[in-house]
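Commentary on secondary and tertiary structure
So you can see what is in the structure, the chains are spelled out below.
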Amino acid sequence: TDSNVTLVAKWTANSYKATYNANGGSVSSSNKNYTYDANYTLLEPTRTGYEFLGWYKDGTLVPSTGTWKFDTDISLIAEWKACVYTVTYDAGVGTSSQTSAQATYDSNFTLATAERVGYKFDAWYYNGTKYESGIWKTDKSITLTAKWTARTDIEYVVNHHQQNANDDDYTIVDTEKLKGTADATIKPSVKTYTHFVSPDAKEFTISPDGKLVVNYYYNRVTYDLTYVTNGGETISKQTYKYAQTLVVATPSRTGYTFGGWFTDKALQNEYSATATLNANTTIYAY
């Protein structure tokens with residue numbers, strides 16, 4: 001039968017392989033087949049501390065999605081950019097050379113220095129992990145906290161003051177220069193002085209700057225001078241501090257001449273009016 005016949009070509013799109021090079025990262029598969037003229041989506045790689053910039057073929061960026069137009073097998077290589085993180089420093093009551101800084105992943109990073117009066121700087125810590133200068137390997141912004149060790153050679157002074165004999169001021173008689181641990185609680189010992197009342201020992205905190213001065217004050221013991229006038233006018237007893245200058249009273253008695261003071265009832269031991277009291281004393285008129 002004579003008739004015109006039209007033949008229609010039938011095509012099958014070829015499949016091409018894309019080989020993935022994650023270039024330091026990781027990807028779910030090292031290669032994948034794509035069909036010409038079909039929609040595609042490239043694999044998404046990951047890499048700790050890096051931002052993915054895209055897949056490149058021979059230096060040219062290949063869109064992550066689109067219609068496949070490569071008519072040959074291709075090789076793709078991932079391009080990355082190192083992430084930059086903020087490092088914040090918390091020195092507590094100390095000081096650091098920086099409050100914050102930018103750290104680039106996989107690059108060298110130098111930590112700030114820190115100082116604190118009366119303390120030794122140990123290191124910077126994050127969640128219990130010690131950090132040191134070197135290649136930065138933390139993939140997030142963090143706050144580093146300073147760890148300190150109190151110095152044990154902090155000086156402090158303890159002054160011991162005795163009350164003056166003839167006024168109510170005090171004079172330093174002993175000074176101790178001691179050492180202890182910064183911010184530690186101490187209870188310096190008091191001394192014992194004959195004829196003085198020791199104060200109670202008190203607690204103090206050692207100032208990290210070495211400026212602590214402890215002052216203990218010792219009051220003089222007081223003694224009574226009692227007068228027995230033996231028929232003369234009554235004289236009230238007098239109270240004196242130890243070693244205080246005495247002003248001894250002179251009694252009067254009608255019809256009699258005062259012959260002096262004695263330390264015994266038998267009037268055998270004369271009392272010196274220039275003496276000072278170191279015990280309760282009774283004197284007798286003659």
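A brief look at the structure comes next.

Reading the values: rules and limits
- Residues numbered from 1 in each chain as written.
- Predicted model: local features only at pLDDT ≥ 70, side-chain atom pairs only at ≥ 80, totals over all residues.
- Heavy atoms only, no water.
- Helix = DSSP H or I, 4+ residues; strand = E, 2+ residues; numbered from the N terminus.
- Rg over C-alpha atoms; globule rule 2.2 N^0.38 Å.
- Buried < 20%, exposed > 50% of the residue type's maximum accessible area, 1.4 Å probe, protein only.
- Contact = heavy atoms within 4.5 Å.
- Areas by Shrake-Rupley, 256 points an atom, 1.4 Å probe, with all protein chains shown as cover.
- Lys, Arg positive; Asp, Glu negative; His and termini not counted.
- Charge placed at Lys NZ, Arg CZ, Asp CG, Glu CD.
- Phe/Tyr/Trp six-rings, centres within 6.5 Å; stacked < 30°, edge-to-face > 60°.
- Lys NZ or Arg CZ within 6 Å of the ring centre and 35° of its normal.
- Pairing = 2+ DSSP bridges.
- Salt bridge = Lys/Arg side-chain N within 4 Å of Asp/Glu carboxyl O.
- 1 Å grid on protein atoms, 1.4 Å probe; cavity = no way out; pocket = protein on both sides within 12 Å on 5 of 7 lines; lining within 4 Å.
- Points joined across faces, edges and corners; volume = space filled by probe spheres on them.
- Nonpolar A, V, L, I, M, F, W, Y, C, P; charged D, E, K, R; others polar.
- Polar contact = N/O pair within 3.5 Å; in protein donor to acceptor, adjacent residues only side chain to side chain.

1. Side note on the overall build of the chain
Check the secondary structure of the chain and you find 0 helices and 26 strands. For 286 residues, the compact-globule formula gives about 19 Å, and the C-alpha radius of gyration of the chain, at 48 Å, lies well above that figure. Here the chain, with 286 residues, has 30% of them falling under the buried criterion. For the chain, restricting intrachain contacts to residue pairs at least 6 apart in sequence, the fraction spanning at least 24 positions comes to 50%. Summed over all atoms, the accessible surface of the chain reaches about 17900 Å², with 45% contributed by carbon and sulfur. Separation of charge centres in the chain, based on 25 positive and 29 negative side chains, amounts to 3 Å.

2. Quick look at unusual backbone geometry
A positive phi angle, near 55°, is found at Asp58, a position not held by glycine. By the element assignment, Asp58 lies in the loop between strand S4 (50-57) and strand S5 (60-62).

3. Overview of the packing of aromatic side chains
Within the structure shown, the criterion is met by 21 aromatic pairs. Ring plane angle 40° and centroid distance 5.7 Å describe the contact between Tyr131 and Trp136, whose orientation is recorded as tilted. Summarising the burial analysis for this pair, Tyr131 and Trp136 share the class buried. An aromatic cluster is present here, built from Tyr20, Phe52, Trp55 and Trp80 joined pairwise through their rings. The residue whose ring lies beneath Arg116 is Tyr119, and the NZ or CZ to ring-centre distance is 3.6 Å. Looking at Arg253, its charged tip hangs above the ring of Tyr256, at a distance of 3.7 Å from the centre.

4. Here we look at the pairing of strand S10 (residues 100-104)
Within a regular beta strand, the side chains point alternately toward one face of the sheet and then the other, so they alternate between its two faces. Burial along S10 is one-sided: the residues Ala101 and Ala103 are buried and none of Ser100, Gln102 and Thr104 is. Strand direction decides the pairing type here: strand S8 (residues 84-90) and S10, joined by 5 bridges, are antiparallel. For Tyr85, the partnering residue across the bridge sits in S10 and is Ala103.

5. Considerations on the pattern of salt bridges
Counted by the stated rule, this structure contains 9 salt bridges. One salt bridge in this structure joins Lys241 and Asp168, with 3.6 Å as the shortest N-O distance. Linking Lys241 in strand S24 (residues 238-241) with Asp168 in the loop between strand S17 (154-163) and strand S18 (170-180), this pair joins segments that are 73 residues apart in sequence. Judged by its relative accessible area of 11%, Lys241 falls in the buried class. A relative accessible area of 59% places Asp168 in the exposed class. With its nearest N and O atoms 3.4 Å apart, the salt bridge here joins Lys237 to Asp224. In this pair, Lys237 is assigned in the loop between strand S23 (222-228) and S24 and Asp224 in strand S23, connecting sequence segments 13 residues apart.

6. Regarding the layout of surface pockets
When its volume is computed, the largest pocket comes out at roughly 160 Å³. Taken together, Thr229, Asn230, Gly232, Pro251, Ser252, Arg253, Tyr256, Thr257, Phe258, Ala285 and Tyr286 make up the lining of the largest pocket. Taken together, the residues of the lining of the largest pocket break down into 5 nonpolar, 5 polar and 1 charged.

7. Quick notes on the side chain of Thr281
With respect to the secondary-structure elements, Thr281 resides in strand S26 (residues 281-285). Within polar-contact distance, the side chain of Thr281 engages the backbone oxygen of Ala279 at 3.0 Å. Excluding residues that lie within four positions of it along the chain, Thr281 makes contacts with Asp224, Leu225, Thr226 and Tyr271.

8. Concerning the sheet that holds S18
Here we have 4 strands laid out as an open sheet, ordered S18-S17-S22-S20, and mixed in their pairing. The open sheet is flanked by S18 and strand S20 (196-197), the only strands paired with a single partner.

9. Digging into the sheet that holds S26
A sheet is described by the order of its strands in space; here 4 strands give the open sequence S24-S23-S26-S25, paired in mixed fashion. Strand pairing shows two members of the sheet lacking a second neighbour, S24 and strand S25 (261-262), which therefore form its edges.

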